[in-house]
Amino acid sequence: MAEIRIRSTNERITGEANVRAFLDKQEVLYEHWDASKLPAELQDKFVLSDEEKATILSTFDGEIRDLAARRGYQIWDVISLSDATPNIEELLKKFEQIHTHTEDEIRGIVSGRGIFIIKGDEETGYFDVELEAGDVISVPENKNHFFTLMDNRQIIAVRLFIEKDGWIAHNVEDSAFA
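On a predicted model such as this, the values are computed, not experimentally measured, just so you know.

Focus: the pattern of salt bridges
Here the structure, examined in full by the defined rule, presents 16 salt bridges. In this structure, glutamate 52 engages lysine 45 in a salt bridge whose closest nitrogen and oxygen atoms are separated by 2.4 Å. For glutamate 52, a relative accessible area of 18% gives the class buried. The salt bridge involving aspartate 83 is made with arginine 153; its shortest N-O contact spans 2.6 Å. Separated by 70 residues along the polypeptide, aspartate 83 in the loop between strand S4 (75-81) and helix H4 (88-95) and arginine 153 in the loop between strand S9 (145-149) and strand S10 (155-161) bring together distant segments of the chain. When salt bridges with common partners are traced through the structure, they connect Glu3, Arg12 and Glu130 into a single cluster.

As structure tokens, this is what we get:
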């Protein structure tokens, strides 16, 4: 289950209802999928073949199509990151820059853990959303954020897009980031 850490106060928000209420206030979509549906042989496998990625998409097809229908997403894929990922350090440097997009950035975590750092309202400032299997988050377009891995450095996520080319990051300099 996702947890929130407000960076300015180090306050933690836990529990699905509390996390959802906080993220709703920040205009961030949060949902939860049943990650136990993922076939056991894929639950801790972070280097995936195209066939295994297709299995993941098939497993969560109903959830993906429901979300896509409600939010206008047109295409989706699976991303898997771990220390076995070629050029992982270069990818993380790219991901770990504050940026925005002209469409939502949405991730359905099916295995592993990751963290979105998002700029909230003026009172809240930046906050961390620590995600694990089953958590689904959508950061709205034009909202400052970035993504990185947690200490375990392993994640598999379903990504959904409106545009066929996927999202394009627009880096942002923000002195308010702490």
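Still more ground to cover, so stick around.
Some points on the packing of aromatic side chains
According to the stated counting rule, one finds five aromatic pairs in the structure shown. Judged by centre distance (5.0 Å) and plane angle (90 degrees), the ring pair of tyrosine 126 and phenylalanine 177 falls under edge-to-face. Within this pair, whereas tyrosine 126 is found in strand S7 (residues 126-132), its partner phenylalanine 177 is found in the segment after strand S11 (170-171), the two being separated by 51 residues in sequence. On the numbers, 5.5 Å between centres and 70 degrees between planes, the contact of phenylalanine 146 with phenylalanine 177 is edge-to-face. Here the residue phenylalanine 146 occupies a position in strand S9, and phenylalanine 177 occupies one in the segment after S11, the gap between them amounting to 31 residues. Residue classification places phenylalanine 146 among the buried positions, given a relative accessible area of 7%. The exposure class of phenylalanine 177 is partly exposed, given its relative accessible area of 30%. Grouped by ring-pair contacts, the aromatic residues Tyr126, Phe146 and Phe177 constitute a single cluster.

Remarks on the nonpolar core
In this structure, Ile4, Leu23, Ile118, Phe127 and Val129 are the most contacted members of the largest nonpolar core, which totals 26 residues. The contact partners of phenylalanine 127, leaving out residues within four places of it in the chain, are Ile4, Arg5, Ile6, Arg7, Phe22, Leu23, Gln26, Phe116, Ile117, Ile118, Lys119 and Gly120. Counting residues in hydrophobic clusters, the runner-up holds 19 residues, among them Leu29, Phe60, Tyr73 and Val136.

Details of empty space enclosed by the protein
If a probe the size of a water molecule is rolled over the atoms, the empty space left behind becomes visible. Within the structure shown, the criterion is met by one cavity of 30 Å³ or more. Roughly 110 Å³ of volume is contained in the largest cavity. Taken together, Ile79, Leu81, Phe95, His99, Glu105, Arg107, Phe147, Ile155, Ala157, Arg159 and Trp167 make up the full set of residues lining the largest cavity. When residues of the lining of the largest cavity are traced back to their parent elements, those giving at least two are S4, strand S6 (105-119) and S10. Residue contributions to the lining of the largest cavity peak at three residues, all from S10. Partitioned by chemical class, the residues of the lining of the largest cavity number seven nonpolar, one polar and three charged.

Reading the values: the criteria
Residues numbered from 1 in each chain as written. Predicted model: local features only at pLDDT ≥ 70, side-chain atom pairs only at ≥ 80, totals over all residues. Heavy atoms only, no water. Salt bridge = Lys/Arg side-chain N within 4 Å of Asp/Glu carboxyl O. Buried < 20%, exposed > 50% of the residue type's maximum accessible area, 1.4 Å probe, protein only. Helix = DSSP H or I, 4+ residues; strand = E, 2+ residues; numbered from the N terminus. Phe/Tyr/Trp six-rings, centres within 6.5 Å; stacked < 30°, edge-to-face > 60°. Core = buried A, V, L, I, M, F, W, Y, C linked by side-chain atoms within 4.5 Å. Contact = heavy atoms within 4.5 Å. 1 Å grid on protein atoms, 1.4 Å probe; cavity = no way out; pocket = protein on both sides within 12 Å on 5 of 7 lines; lining within 4 Å. Points joined across faces, edges and corners; volume = space filled by probe spheres on them. Nonpolar A, V, L, I, M, F, W, Y, C, P; charged D, E, K, R; others polar.

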